Amino acid sequence: MLTLYRDPGTAADAFAWDICGAESNVALYCAALGLRSAWVSRLDTGMAGSLVLDAVAAGGVDTSLVGLCEDAPTGLMLRDSPERGQRVQYYRKGSAASQMSPETVLVEACLDARAVHLTGITMALSDGCRELVMALLSKPAGAVRSFDLNWRPALWPDGLPGELFLEAANRADVVFVGLDEAAAVWGFSEPSQVRSALPRPQVVVVKDGAVGVHTFTASEAHFEPALRGPIVGPRGAGDAFAAGFLCGFLSHPENLQRCQRLGHAVAMSAMVSELDVGPLPDASAMEAMLEADAQTWGELVYPGPGVG
């Protein structure tokens, strides 16, 4: 989507623009972490679509599978400033992205990858989008299928998609869900309940906000406390965590601690930024965080972008 937001420190009626969207956020962070990354969506052929397409491509993401259409707009989000309550309003009904389906997207091309990341947000956009997500989760392929609930109540006005989310998540290999989301959608209060409801995925990641993250595999459960740091805004933090964890999982699938720490570090880059996708620390600072002993990790304060 294209985002218009009140520009902090300027006149009350001054707005700036950015791009946002769960899957594009993940793709941009994966590219920043050194992976070859692609984004699949649909945009309009006008100015909004061009702004979004150019911005995502400028982040090093392959946009060759993005479709363009002339009869539907690019989604728009308006975001107010934190001092005014951080209100958010979406304009995405009938958007170009809502026209995605197994008939309009090259499913086989999408699955020709090491990993495919999908979210509950896409499922909410239309019946076609829902069918597309299910197809990408179900078709035989060598790709790791990742699914993030990304529960957004405003996108589900007709009720809780609890059963639908359970079906989708149980088709994935790696699942991300916030404990607050699990409580809202399924009524769960404990991370172990989430794992019990999702027996099929190879990995289930349950995020508990500023407390930390619980990760379950078939043979182990590991908790890693969250990083501390100056919080500007939580926008995009869940997507950033998913990108960091996935990058860690693709390179070190046996090291859950490293996967979780990379997720935490990338999430903090979003939380210390006004934007959904913030700049990462340099490679040496990142590696030092990932290799820290437990006591040092517990005392760490996120260093911010560009710190070595």
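This text follows the structure it describes.
Structural notes, computed from the coordinates. All figures in this text were calculated on a predicted structure; none of them were measured in a lab.

For the rest of this paragraph, the subject is the pairing of strand β5 (residues 76-79). Regular strands place side chains that alternate from one sheet face to the opposite one. The alternating pattern of β5 places Met77 and Arg79 on a buried face and Leu76 and Leu78 on a face that is not buried. Pairing geometry for strand β1 (residues 2-6) and β5, over four bridges, is parallel. Looking at β5, one finds that tyrosine 5 is bridged to arginine 79. In the sheet, β5 pairs with strand β6 (residues 88-91) via four bridges, with the strands oriented antiparallel. The residue of β6 that forms the bridge with leucine 76 is tyrosine 91.

Moving on: helix α6 (residues 162-169). Burial runs high along α6: six of the eight residues are buried. If you check which residues of α6 are buried, you get Gly162, Leu164, Phe165, Leu166, Ala168 and Ala169. Packing partners of the buried residues in α6 comprise α4 (120-125), α5 (127-138), β8 (144-148), β9 (174-178), α7 (179-186) and α8 (191-197).

Our focus in this paragraph is the side chain of arginine 92. Relative to the helices and strands, arginine 92 is located in the loop between β6 and α3 (107-110). Summary of buried charges: arginine 92 has no salt-bridge partner, and the nearest side chain of opposite charge, glutamate 23, is 6.6 Å away. Beyond its immediate chain neighbours, meaning those up to four positions away, arginine 92 contacts Met1, Gly75, Ile121, Leu125 and Leu155.

What counts and how
- Residues numbered from 1 in each chain as written.
- Predicted model: local features only at pLDDT ≥ 70, side-chain atom pairs only at ≥ 80, totals over all residues.
- Heavy atoms only, no water.
- Buried < 20%, exposed > 50% of the residue type's maximum accessible area, 1.4 Å probe, protein only.
- Helix = DSSP H or I, 4+ residues; strand = E, 2+ residues; numbered from the N terminus.
- Pairing = 2+ DSSP bridges.
- Contact = heavy atoms within 4.5 Å.
- Lys, Arg positive; Asp, Glu negative; His and termini not counted.
- Salt bridge = Lys/Arg side-chain N within 4 Å of Asp/Glu carboxyl O.

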